[in-house]
Every structure is written in structure tokens, then in C-alpha cells.
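# Examining the three-dimensional arrangement
The primary structure of each chain is shown beneath.
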Amino acid sequence: MLQLKEIYKVFNEGSVDEKIALNQVSLALNEGDFVTVIGSNGAGKSTLLNVIAGRIVPDEGEILIKKKSMHGVREHQRAKYIGRVFQDPMAGTAPTLTIEENLAIAYSRVHKRTLKPGVSSKRRLFFKEQLELLGLGLENRLTAKVGLLSGGERQALSLLMATFTKPDILLLDEHTAALDPSRAELITNLTKKLVENGNLTTLMITHNMQQAVDLGNRLIMMDKGNIVFEAEGEEKQGLTVKSLLEEFSKIKTDSSLSDKTLLI
Ligand SMILES: Nc1ncnc2c1ncn2[C@@H]1O[C@H](COP(=O)(O)OP(=O)(O)OP(=O)(O)O)[C@@H](O)[C@H]1O
């Protein structure tokens, strides 16, 4: 479904601030793979998601989605293949528009736009059914402005908007990190449900090691622009927070890094 071939990205090349964010990273995801991505600050995790989304153009390497090269395909053109949720609950939705208007925009990114204004009753019913999956009662607030929703509700809506069109790739960039623990747990559970229901091919960055262990069928650990540890299948299922920290300490050569850089 997704192939990254020797992706290389350097920032500020030739200056004192030079940073190799991705150092010949290769990764292949099959349909339905759910990969949790962990690593210390500055390891290259967000850059990895940004090159897949087309927000950052790699210096070298190739990205293929469903065997189609993404070379020259810009971020807005990739939106029909990719759903994305950011850390900031404010980032994924338009606050001055209503819940159904936000859903309609997400829907039109993938499906043909209709010339009819507003939301048809058939489409409204579909939106209501989708909102019911969240279990937050938002299906009864279709015409409420999104700016009035709580952070957790907004993030749930962002997650729904990123997934209900069944994108080929779902990118989750620390999407529970800005929420209080109970809301974070709600969004974590919803993520599991929506990804499993849609069999979505997913990459999820998290600093929460328990979440990285609990979710997904694969895990990658990044450090200094490289994938330094990978687990899948039974090995992934057998991982614990303790064993991950042990893996991390094996690759950790920089004494300034502590386990806290991986943990919330
Ligand atoms: N636009 C940019 N300009 C210059 N340097 C950048 C830019 N984006 C990222 N970097 C640098 O590239 C490296 C990788 O950054 P990236 O944001 O991918 O790390 P990360 O693993 O997501 O970190 P964190 O967990 O702190 O969010 C870092 O050293 C960062 O400072």
C-alpha cells in the first residue's frame, strides 16, 4: 500500500544547523498495517509523516502509494489518498463552520463535488450514522459550530473526518498528546475502532509507550533519522514498555537522552 525507498532529507545543508532528519529510510506497509512510531525528540518522526503527506519534499528517495509514485504530487493532491490528524485539536477542523459543513468538506476531498449547495438529506443521514460511532452525541448537534466543541470532541471529529472516507493511508501525529488522560483514552479507543473497522493502513506517532505497545500490529523506533528497531506480529504483541525501554537503551549512545524523552 505504501512504500518508502531510501528517503533522505537534510535541513539547512552546509550550515552549522545542518540536520539530517531522514537518513535513507525505507519502509513498506501492507494494506491494513497499523504501525506505531516512537523515538526521541528530533528523531525524524514528523518529517517522515510530512514527506508521505507531501508537505516536505525529500532530497532523495521515492514514495509510492498503491504502487503509484508520489513524485511531483503536491500535498493537496495527495489528500485524496491520505487522512491526517495532528496533535492540536484545532488543526483539523474549521471552527466557524458547523459539524455537518466540516464533514461535507472532508467528504468532498475524496468524492466528486456536487453543484448543489448545502448538505443533502441523504448525506446528512450518512454523517449522522458516522457521528454515532463516536458515542459523543454529536449526531444530535449537526448544525453546531465546531468552535463550540471541547478539545476532545474536536479531536474525535478530526479523527472521523480523516477516516470516514476510507483513505489509503492514515497519518496520526501525536493526536492524543494535547488531551487530558480521560479524553486521550477515549480518542485512543476510537482510533482502534475506526482503524479496525476500516482496515486502514496507519502510521501513528506517539510518545506514549503504553499506547505504542497496545495499538497496532507493527512498531518502529526512530533515532537520528534512522529506523533503529522494528517489531511486528508475535514480536510486536509480546512487547512491553519495559522491553521497549531496554531496546532504546541498547541504541542510545547519546547520554543526554533519557527514557523520559520517549515517555510522556
Ligand atoms: N522545517 C525544518 N527546518 C529545519 N529543521 C527542521 C525542520 N523540520 C524538522 N527539522 C529538524 O529535523 C529533525 C527531525 O525533526 P522532526 O520534527 O521530524 O522530529 P520528531 O521525531 O518528530 O521530534 P519530536 O518528537 O520532538 O516532535 C530535528 O532535528 C528538527 O529540528
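Per an unreviewed UniProt entry, the protein goes by the name ATP-binding cassette domain-containing protein and belongs to Metabacillus rhizolycopersici. Under the UniProt heading Subcellular location (unreviewed entry), the entry covering the protein gives this text: "Cell membrane".

What follows covers the sheet that holds strand S5 (residues 68-69). If you walk across this open sheet you meet the four strands as S2-S1-S4-S5, and the pairing is antiparallel. Whereas interior strands pair on both sides, the edge strands pair on one side only; in this sheet they are strand S2 (19-29) and S5. Here five bridges tie strand S1 (residues 2-11) to strand S4 (residues 60-65), and the two strands are oriented antiparallel to one another. Opposite Leu-2, over in S4, you have Ile-65 as the bridge partner. Packed onto the sheet, helix H1 (residues 45-53) meets S1, S2 and S4 and runs at close to 65° relative to S2.

This part covers the site of the ligand. In the vicinity of the ligand, the residues found are Phe-11, Asn-12, Lys-19, Ala-21, Gly-39, Asn-41, Gly-42, Ala-43, Gly-44, Lys-45, Ser-46 and Thr-47. Broken down by secondary-structure element, the contributors of at least two residues to the shell around the ligand are S2 and H1. It is H1 that provides the largest number of residues to the shell around the ligand, a total of three residues. Split into classes, the residues belonging to the shell around the ligand amount to three nonpolar, seven polar and two charged.

On to the sheet that holds strand S6 (residues 82-85). Judged by pairing direction, the sheet is mixed, and its six strands sit side by side in the order S6-S7-S8-S3-S9-S10 without closing on themselves. Looking at the sheet topology across the chains shown, the edges are occupied by S6 and strand S10 (226-232). Here the average twist between neighbouring strands, direction ignored, is 15°. With five bridges connecting them, strand S3 (residues 34-39) and strand S9 (residues 218-223) associate as parallel partners.

Ranked by internal contacts, the top residues of the largest apolar core, which has 65 residues, are Val-37, Ile-52, Leu-157, Leu-159, Ile-169 and Leu-171. Broken down by element, this core gets its largest block of residues, six residues, from helix H5 (residues 151-163). If we skip the residues at most four places from it in the chain, Leu-171 touches Leu-49, Ile-52, Ala-53, Ile-82, Arg-84 and Leu-203.

With that out of the way, let us pick up H1. The element H1 is extensively covered by neighbouring structure, given that eight of its nine residues are classed as buried. For H1, the full list of buried residues reads Lys-45, Thr-47, Leu-48, Leu-49, Asn-50, Val-51, Ile-52 and Ala-53. Just past H1, the residue Gly-54 takes up positive phi, approximately 90°.

When pLDDT drops low, the exact placement of atoms in the prediction is not to be read closely. When pLDDT is averaged along the protein, the result is 89; 92% of the residues meet or exceed 70. We note a pTM of 0.90 for the whole complex and an ipTM of 0.96 for its interfaces.

Definitions and limits used
Residues numbered from 1 in each chain as written. Predicted model: local features only at pLDDT ≥ 70, side-chain atom pairs only at ≥ 80, totals over all residues. UniProt positions renumbered as here; feature names shortened; annotations may be inferred. Pairing = 2+ DSSP bridges. Helix = DSSP H or I, 4+ residues; strand = E, 2+ residues; numbered from the N terminus. Contact = placed C-beta atoms within 7 Å. Axes fitted to C-alpha atoms, helices over the stretch in contact; angles between N-to-C directions. Near = placed C-beta within 6 Å. Nonpolar A, V, L, I, M, F, W, Y, C, P; charged D, E, K, R; others polar. Core = buried A, V, L, I, M, F, W, Y, C linked by C-beta atoms within 7 Å. Buried ≥ 20, exposed ≤ 12 C-beta atoms within 10 Å, placed from the backbone. pLDDT = per-residue confidence, 0-100.

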